[in-house]
Amino acid sequence: QVQLVESGGGLVQAGGSLRLSCAASGLTFSNYAMAWFRQAPGKGRDFVAVIVGSGGSTSYADSVKGRFTISRDNTKNTVYLQMNSLKPEDTAVYYCAANWPGVRRSINPADYDYWGQGTQVTVSS
């Protein structure tokens, strides 16, 4: 079956960096767009970034543009989120998600077929 497993979360001070990874199995990885969403306590699941299956196109939420970078390695079935200049408002559980077809850069969580279990990111001020 399909599995998405996130890693790399943790506690970091404001201004610091973290890199999240999401390892996928059970699917033809390059056929899927991959995205990161996040959910803060008491809030909905918000779009962060998406990358198409080929890796040739990305989109970002305005709140993270210029600070976060999404990338993927289709030889390792892994998608990454490099997070720099972290702010306390970035604190959330971060989820990776897979969407078929791989050419669509959807920001709507309802469009995603598979989800990971999430990894906690906490940014202290």
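Figured I'd write up the structure that's included with this text. (Residues numbered from 1 in each chain as written. Predicted model: local features only at pLDDT ≥ 70, side-chain atom pairs only at ≥ 80, totals over all residues. Heavy atoms only, no water.)

Regarding the packing of aromatic side chains
All chains considered together, the criterion is met by 6 aromatic pairs. Consider the rings of F37 and F47, whose centres lie 5.9 Å apart with planes at 75°: the pair is edge-to-face. Of this pair, F37 sits in strand 4 (residues 33-39) while F47 sits in strand 5 (residues 45-51), and the two are 10 residues apart along the sequence. Exposure class is identical for F37 and F47. Each is buried. An angle of 50° between the planes, with centres 5.1 Å apart, marks the rings of F37 and W115 as tilted. Taken together, the positions of F37 in strand 4 and W115 in strand 10 (residues 114-115) put the pair 78 residues apart, joining distant regions of the chain. Judged by relative accessible area, which is 0%, F37 ranks as buried. Note on W115: relative accessible area 28%, which makes it partly exposed. (Phe/Tyr/Trp six-rings, centres within 6.5 Å; stacked < 30°, edge-to-face > 60°. Helix = DSSP H or I, 4+ residues; strand = E, 2+ residues; numbered from the N terminus. Buried < 20%, exposed > 50% of the residue type's maximum accessible area, 1.4 Å probe, protein only.)

Quick look at the pairing of strand 5
Moving residue by residue along a regular strand, the side chains alternate between the two faces of the sheet. With 5 of 7 residues buried, strand 5 is to be regarded as a mostly interior element. When strand 4 meets strand 5, the two strands line up antiparallel, connected through 6 bridges. The residue bridging M34 from the neighbouring strand is I51, located in strand 5. Linkage of strand 4 to strand 5, two consecutive antiparallel strands, is achieved through a turn of 5 residues, within which G42 is found at a positive phi near 75°. Both strand 5 and strand 6 (residues 58-60) contribute to a ladder of 3 bridges, which runs antiparallel. Of the residues in strand 6, the one forming a bridge with V50 is S59. Counting the residues that bridge the hairpin from strand 5 to strand 6 gives 6 residues, and of these G55 lies at a positive phi of roughly 85°. (Pairing = 2+ DSSP bridges.)

Details of the pattern of salt bridges
A full pass over the atoms with the stated rule returns 3 salt bridges. Measuring nitrogen to oxygen at the nearest pair gives 2.9 Å for the salt bridge that ties D90 to R38. Linking D90 in the loop between strand 8 (78-83) and strand 9 (92-99) with R38 in strand 4, this pair joins segments that are 52 residues apart in sequence. Ionic pairing is found between R67 and D90, a salt bridge with its closest N-O pair at 2.7 Å. With R67 in the loop between strand 6 and strand 7 (68-73) and D90 in the loop between strand 8 and strand 9, the pair connects residues that are 23 residues apart, well separated along the chain. On the basis of relative accessible area, R67 is assigned to the buried category, the value being 11%. Since its relative accessible area comes to 1%, D90 is described here as buried. Salt bridges linked by common partners bring R38, R67 and D90 together as one network. (Salt bridge = Lys/Arg side-chain N within 4 Å of Asp/Glu carboxyl O.)

Description of the state of the cysteines
The full count for this structure, using the stated rule, is 1 disulfide. A sulfur-sulfur distance of 2.0 Å marks the disulfide that ties C22 to C96. On the sign convention where negative is left-handed, the bridge of C22 and C96, at about 45° about the S-S bond, is right-handed. With C22 in strand 3 (residues 18-25) and C96 in strand 9, the pair connects residues that are 74 residues apart, well separated along the chain. (Disulfide = S-S within 2.5 Å.)

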